[in-house]
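# Structure assessment
For reference, the chains in residue letters:
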There are 4 protein chains.
Amino acid sequence: MSTKQYKVGIVGATGYTGVELMRLLSAHPHVSVEIATSRSDAGTALADMFPNLRGHTDLRFVEPDIATLTQCDIVFFATPHNVSMKMMPELIQAGVRVVDLSADFRLKDVAVWEEWYNEKHVCPELIPQAVYGLPEINRNEIKAAQLVACAGCYPTSVQLGFWPLLANGVLKEEALIANAATGVSGAGRQAKINMLLAEAGDSYSSYGASGHRHTPEIEQGLSIAAGKPTQVTFVPHLVPMIRGIQATLYGQLADSTMSNEAIQKMFEAFYADSPFVDVMPWGSHPQTRSVKGSNMCRIALHRPRGRNTLVVLSVIDNLTKGASGQAIQCMNLMLGLDEQAGLTAPALLP
Amino acid sequence: MSTKQYKVGIVGATGYTGVELMRLLSAHPHVSVEIATSRSDAGTALADMFPNLRGHTDLRFVEPDIATLTQCDIVFFATPHNVSMKMMPELIQAGVRVVDLSADFRLKDVAVWEEWYNEKHVCPELIPQAVYGLPEINRNEIKAAQLVACAGCYPTSVQLGFWPLLANGVLKEEALIANAATGVSGAGRQAKINMLLAEAGDSYSSYGASGHRHTPEIEQGLSIAAGKPTQVTFVPHLVPMIRGIQATLYGQLADSTMSNEAIQKMFEAFYADSPFVDVMPWGSHPQTRSVKGSNMCRIALHRPRGRNTLVVLSVIDNLTKGASGQAIQCMNLMLGLDEQAGLTAPALLP
Amino acid sequence: MSTKQYKVGIVGATGYTGVELMRLLSAHPHVSVEIATSRSDAGTALADMFPNLRGHTDLRFVEPDIATLTQCDIVFFATPHNVSMKMMPELIQAGVRVVDLSADFRLKDVAVWEEWYNEKHVCPELIPQAVYGLPEINRNEIKAAQLVACAGCYPTSVQLGFWPLLANGVLKEEALIANAATGVSGAGRQAKINMLLAEAGDSYSSYGASGHRHTPEIEQGLSIAAGKPTQVTFVPHLVPMIRGIQATLYGQLADSTMSNEAIQKMFEAFYADSPFVDVMPWGSHPQTRSVKGSNMCRIALHRPRGRNTLVVLSVIDNLTKGASGQAIQCMNLMLGLDEQAGLTAPALLP
Amino acid sequence: MSTKQYKVGIVGATGYTGVELMRLLSAHPHVSVEIATSRSDAGTALADMFPNLRGHTDLRFVEPDIATLTQCDIVFFATPHNVSMKMMPELIQAGVRVVDLSADFRLKDVAVWEEWYNEKHVCPELIPQAVYGLPEINRNEIKAAQLVACAGCYPTSVQLGFWPLLANGVLKEEALIANAATGVSGAGRQAKINMLLAEAGDSYSSYGASGHRHTPEIEQGLSIAAGKPTQVTFVPHLVPMIRGIQATLYGQLADSTMSNEAIQKMFEAFYADSPFVDVMPWGSHPQTRSVKGSNMCRIALHRPRGRNTLVVLSVIDNLTKGASGQAIQCMNLMLGLDEQAGLTAPALLP
């Protein structure tokens, strides 16, 4: 029925962002997945690992191979950090377009990257050409990019919430707080005791409160937004649910006489052409379930008791707008397709 | 892009089967929802009640009105029992085609219906023309029907698991056990203390163990399958999850010399032309999450320790194949569309 | 075996704080529950409503009656706000000692109470003698009190986290943020659609972000701690778990040269004689599950990236230290018992 | 206050049955834990692994050592199968009394054990003296035993439900079905992908349906109860909760004229002297949450639609009555203490 004219490959498809790419792309009108790689599970049928894919794909994992991948129109990296940078030079050299869901090319300052990831970056020369994959901010740059470094999950929710306010000088740059919470799929599909249902279920806690790798990514973006170096205190939390992120953002108004209506109007105008940002009515409370499995970011603004602190509530699905959906949104832009292609299904509720 | 040539109305769209119809139909290529009714919430925007629908529909609930509904090609009843039978005579008279998700027209014996639902049926004369909406069994009758009474959630999972075995005489008709478990969305979107997260969370229990309304519906079907009166002991359980049903079925083999391979082959053959039944390899363990949000029923067979008891594991999403997805599958057949139209997205996993 | 020499009554024992009082007091060495009242459920056995109490009590709910209650040594109010103030004058007059778990006597400024609870207070003359029930702060006043107004759940977690820092001038009083999250039992045992497992499960959101009734209670306490009027931005969140609160607190250091060690030492010293506050090592991440069913508050401090913002993580069980456990702790003090009597069992983990 | 006159040791205290022993014994009036062993975590403080134990114990894990263990009055094995049998000969030789929570000494037929556990048993000569630790059945034998092999979690729930019915000839021995479901803590505290919250959460499935290691243990017991070889079809399920087991048992009445009242009366009489079995009124539905953290087994009987099939619903906490609570109950009997000592706290609800 549809003409699936573009071929894509997925490197490292055994994780949750991999199966989310498979789920979304199986319903995409213009793209078909031709290759899914895994070193550890080569030979296994994808549908044997991910039973929701039974009947939707006959693919088996294969060893990653540059020659095969370069026959794709787009290659996704759904890998942990530290993998894509090793294969990137050859792929870029071969002219393939790449959407990297990992952290390897997100930070422009390689020294900062090496400090937080505690290793040498193997191809710093490619960092300058990597376009940061947050389409609401970089839509045009993404269209033309060969290498897109998709924004991380927390950074997406935090930046989309703060950006219009900092870009328009509504908030002071000091004392910015990003209190964020994620479902457990954010920790990936890895055997860890602390992510067992018996451990993470029916509980709630912070983690990484003294410093989390997403902080420099967030600060890089917010500094661009504000036009000056900008710091944020970022504290992530783990919630006993599977999908979803909420960032609860706090900032001090630069001009306490600015009206709520003016702030709301400015915010709506900023995202007027962004189909995946839903600016809700002032004083709303978005729920993470309202975006489960969808690429939407829903945002609402509050000014508690009319005081000087502005609160921004920003929710996404960490695997969709926070990872694989955003990657497809970037791909759509790169291929000149409708930005929303394959991403229009409503969230699953209840 | 797509030509949405058919108009549908939904009566009683404020429950979970209502929002599931909206979710699925918003992605259906040939159908658009024109009317959604609610007596209690007339005037409210659907998207204000169900935040996943923000951006997907501008509809507001309206009072149910026969004149308006009769302009639809198909009318769905997503109501509790006891509602559709009151409006049905007028709709049928007006020539509208109806898919009823409620229990009002499922039982052929009106006396049994009245016993279990504890009231008079108001239009028993329409019962004979109601076609039981289980497409894997009644596909052709559904195509021609004006009134389809969709199979219930538990009855779907139980009947799809037992039917081939009884129709082929593999199991004795005695001592059939259907131990089933559902997520809490099966209880509907109603304010009940026992369905609070604080009550139903982190717990598990049976309910209705002495007798549940789905028993006569199951026995009606299994008696047809077996060609003789057939009883089943049906015990439902409540699981602290949102969506999903598993029926764990137990029966005694009629011929203990029959091989597992023969049983499996017979089972696969029975569903060879049914795109929404996935007969998994012998000895598999389907998970309810593998069908979350999808219209698939996944079934696997076991014969514990090679003895004489056969175990059938059958999973569905109670809101999709157990309700709204099945209703759309029936609608597709009635309208002469591809049986799978609008129902091909993979389950949401994780 | 034990000598249960004190008699207690519970007014409004049909909610979660009621059953938690019953659970804890059934294991208390010196106290027996003689009366549990409920207007709506008089005549019902407590064990029929709360199956964990089967075998632990033969009590039935009775209508509240002043004459009977005045024969108790202590009366607990486990009611919503607006109930205890109506019975309080007679009880106080009769000389009974009362521990009120509700909000009726927590706020010293009756005008503030009336603004937030939107009704007239019926006995403002009793407010001055009510002692705020936060034993770590008011231990001696509680010992002598006739009427104790137990601290609320969020206010307990927030005040215990901020108090030592404000009392010692470590934090500035400006830009204090209390981002808090609770399990659903905090909403009480009431039939509300938004608290269904199908609604609140597998999701996360804020609520009351523009203003929540616990804010004035928190600010009343923090102003005492700081010795000057102090405001806080308080945003609560709902977590899909049953029990537990975490307050994640943010403040700016008054003196950025103060060492982490000095802050930690000061904090530990403040709670040195408080058996129910566990000051964890600097940089720890307490989990709500570590206090499930226990009266402990566990607190840890962070200073993200060595900057000027201090982060305090404070967890309690909202039904225990946040309500019924704290009420018993107050009762122990009032009766001259060991502060820990009946409250020493470890949390349930996993 | 209490005199903790008995010393106990726990071998393999890093799992969930280990921490549950610690939790329960910390509140036991007559026993103190002196040793907790772990080969992998020797040197770690128990409270660092299990944060609920902070403030309740200063113990650190030590390497298991026979000389030290033999100074205890009782040694618990909270290990996986295959560990206790290696240390048992020396401990028995030294005269220590042992409560083994593992499967090593549960099966009387060593050939069956070796078949299911797929290895040689290293001390079959000790099997005859091992007393099966199900106090409701073997109370007197346990009192006198040196080695108690505690009943498994599923076997406890299934046997307590079936035993009175088989011992009294109420049920036929054919076509017995035990459909059981457990929370995830039953899988232990081990890093397994399929037990992640992101995998096991919001889902339900069977496992081991073709044959599970608890089947021979159950059949050994039921054969004793019935006085003849008795088979059962046992299918376990995984529920997205942390603690709890329900066995839903199905059997055919031997005499269909027997009244429900007679069955109920017989059942109650059987457990009249067993403080941890709560026979609920006929037709009740016990919930696993009603026994969370408690040593109770709650059982209710149904006869669906008055037919010939009897349904027994039996719930326990898998870590308490299904493991550590039962072990302490056995210990109490062995030491001549009150059978309920340390086990009287109500379940945690909600």
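Refer to the structure printed above.
Below is a short write-up of the structure. (Residues numbered from 1 in each chain as written. Chains lettered and ligands numbered in written order. Predicted model: local features only at pLDDT ≥ 70, side-chain atom pairs only at ≥ 80, totals over all residues. Heavy atoms only, no water.)

### So, the relation of the copies chain D and chain A
Stated formally: The superposition of copies rests on a least-squares fit of C-alpha positions from residues with pLDDT of 70 or more in both. In what follows, a contact means two residues having at least one pair of non-hydrogen atoms within 4.5 Å.
Of the transformation placing chain D onto chain A, the axial shift is 0.0 Å and the rotation is 180°, giving an RMSD of 0.0 Å. Taken together, the rotation and translation relating the two chain copies correspond to the operation of a two-fold axis. Of the interface residues in chain D, 100% have counterparts in chain A that sit at the interface too, so the contact is made through matching surfaces.

### With respect to the interface of chain D and chain A
Here is the rule: Note: buried area is the sum, over both parts, of the accessible area (probe 1.4 Å) each one loses when the two are combined. Salt bridge, as applied in this entry: a Lys or Arg side-chain nitrogen positioned within 4 Å of an Asp or Glu carboxyl oxygen.
Across the contact, 20 residues belong to chain D and 20 residues belong to chain A. Summed over both sides, the interface between chain D and chain A buries roughly 1600 Å², with carbon and sulfur atoms accounting for 72% of that surface. Counting across the interface, chain D meets chain A through two salt bridges. E199 of chain D serves as the salt-bridge partner of R189 of chain A, at 3.8 Å between the closest nitrogen and oxygen.

### What about the pattern of salt bridges?
In the structure shown here, the tally under the stated rule is 60 salt bridges over all chains. Each member of the salt-bridge network shares a partner with another, and the members are E20, R23, R243 and D317 of chain A.

### Overview of the packing of aromatic side chains
For the record, the criterion: Stacked, edge-to-face and tilted labels apply to pairs of Phe, Tyr and Trp rings (six-membered ring for Trp) whose centres lie within 6.5 Å, assigned for plane angles under 30 degrees, over 60, and everything in between, in that order. Secondary structure elements are defined from DSSP: runs of H or I of at least 4 residues count as helices, runs of E of at least 2 residues count as strands, and each element is numbered from the N terminus.
A full pass over the atoms with the stated rule returns 16 aromatic pairs over all chains. Seen in terms of ring centroids, W113 of chain C and Y117 of chain C are 5.0 Å apart; in terms of plane orientation they differ by 25°. Their pairing is stacked. A residue pair is termed a helical-turn pair when its members lie 3 or 4 positions apart in one helix, as W113 of chain C and Y117 of chain C do in helix α5 (residues 110-117) at four residues. The structure contains a cluster of three or more aromatic residues connected by ring pairs, namely F267, F270 and Y271 of chain A.

### Some words on the interface of chain A and chain C
One widely used convention gives an interface's size as the accessible area the parts lose upon coming together. Note the following rule: For the purposes of these results, a polar contact is taken to be a pair of N or O atoms within 3.5 Å, where, inside protein, one atom must be able to donate a hydrogen and its partner to accept one; residues adjacent in sequence count only when each atom of the pair is a side-chain atom. When residues are grouped by polarity, Ala, Val, Leu, Ile, Met, Phe, Trp, Tyr, Cys and Pro land in nonpolar, Asp, Glu, Lys and Arg in charged, and all others, Gly among them, in polar.
Taken together, the contact between chain A and chain C spans 47 residues of the former and 47 residues of the latter. For the chain A and chain C pair, buried surface summed over both sides reaches about 4000 Å², with 49% attributable to carbon and sulfur atoms. The three residues of chain A that bury the most area against chain C are D202, Y204 and R305 of chain A, which together make up 17% of that side's buried surface. Applying the counting criterion to the chain A and chain C interface returns eight salt bridges. In this structure, R307 of chain C engages E219 of chain A in a salt bridge whose closest nitrogen and oxygen atoms are separated by 2.6 Å. Linking chain A to chain C there are 36 residue pairs in polar contact (both at pLDDT 80 or more). Looking at the side of chain A that touches chain C, the elements with two or more residues in it are β7 (176-182), α8 (197-200), β8 (205-206), α9 (214-226), β9 (232-238), β10 (245-252) and β13 (309-316) of chain A. Residues that form the side of chain A that touches chain C fall into these classes: 21 nonpolar, 19 polar and seven charged.

### What about the relation of the copies chain A and chain C?
Between the two copies of the chain lies a relationship made up of a rotation around an axis and a movement along it. Superposition of chain A onto chain C requires a rotation of 180° combined with a translation of 0.0 Å along the rotation axis, giving an RMSD of 0.0 Å. Take the interface residues of chain A: 100% of them recur as interface residues in chain C, which is what a same-surface contact looks like.

### Quick word on the nonpolar core
Applied cut-off: Only buried residues count toward a nonpolar core. Its members are Ala, Val, Leu, Ile, Met, Phe, Trp, Tyr and Cys residues joined through side-chain atoms within 4.5 Å. Exposure is judged per residue with a 1.4 Å probe applied to protein chains only, and the accessible area is read against the type maximum: over 50% gives exposed, under 20% gives buried, and values in between give partly exposed.
Counting 108 residues, the largest nonpolar core has F76 of chain A together with F76 of chain D as the members making the most contacts within it. Those residues within four positions of F76 of chain D in sequence are excluded, and the remaining contacts are V8, G9, I10, V11, L21, L25, V99, L101, A327, I328 and M331 of chain D. Among the nonpolar cores identified, the runner-up in size contains 107 residues, and I10 and M334 of chain B together with V8 and A13 of chain C belong to it.

### Some remarks on the environment of E90 of chain D
All names here are of chain D. Here E90 is to be found in helix α4 (residues 84-93). Its relative accessible area of 48% is what places E90 among the partly exposed residues. C-alpha separation for the pair E90 and Q146, spaced 56 residues apart in sequence, amounts to 13 Å.

### What to know about the pairing of β10 of chain A
All names here are of chain A. The condition that has to hold: Should DSSP find at least two bridges between two strands, the strands are regarded as paired.
The buried count for β10 comes to eight of eight residues, which makes it a mostly enclosed element. Of the two faces of β10, both are covered, the one formed by I245, A247, L249 and G251 as well as the one formed by Q246, T248, Y250 and Q252. Inspection of the sheet shows β7 paired to β10 by six bridges, in the antiparallel sense. Paired with A180 across the strands is A247, a residue of β10.

### Things to note about the sheet that holds strand β8 (residues 205-206) of chain C
Residue and element names in this part refer to chain C. Short version of the rule: Fitted lines through C-alpha atoms serve as axes, helices being fitted only where they are in contact, and the angles separating the N-to-C directions of these axes extend from 0 to 180 degrees.
Across the sheet, which stays open at both edges, the seven strands sit in the order β8-β9-β7-β10-β13-β12-β11 with mixed pairing between neighbours. At either margin of the open sheet sits one strand with a lone partner, and together these are β8 and β11 (277-279). In the sheet, β8 pairs with strand β9 (residues 232-238) via two bridges, with the strands oriented antiparallel. By the bridge assignment, S206 is partnered in β9 with H237. Across the sheet, helix α10 (residues 260-270) is in contact with β11, β12 (297-302) and β13 (309-316); its angle to β12 comes to roughly 165°.

### Digging into the environment of R39 of chain C
All names here are of chain C. As for its position among the elements, R39 is in the loop between β2 (31-37) and α2 (46-49). For the pair R39 and G12, spaced 27 residues apart in sequence, the C-alpha to C-alpha distance is 7.9 Å. Not counting chain neighbours up to four residues away, the residues in contact with R39 comprise E63 and P64.

### With respect to the side chain of R139 of chain D
Residue and element names in this part refer to chain D. Among the secondary structure elements, R139 is positioned in helix α6 (residues 135-144). Using a relative accessible area of 18% as the deciding quantity, one classes R139 as buried. Engagement of the side chain of R139 in a polar contact is seen with the side chain of S274, the distance being 3.1 Å. Within the structure, R139 has its side chain in polar contact with the side chain of E339 (distance 2.8 Å).

### Structural notes on the sheet that holds strand β3 (residues 74-77) of chain B
All names here are of chain B. In space, the six strands of this open sheet follow the order β2-β1-β3-β4-β6-β5, with parallel pairing throughout. Where the open sheet ends on each side, the last strands, each with one partner, are β2 (31-37) and β5 (131-133). Taken pair by pair, the neighbouring strands of this sheet meet at an average axis angle of 25°, ignoring direction. Taken together, the three bridges between strand β4 (residues 97-100) and strand β6 (residues 147-150) define a ladder with parallel strand orientation. Of the residues in β6, the one forming a bridge with V98 is L147.

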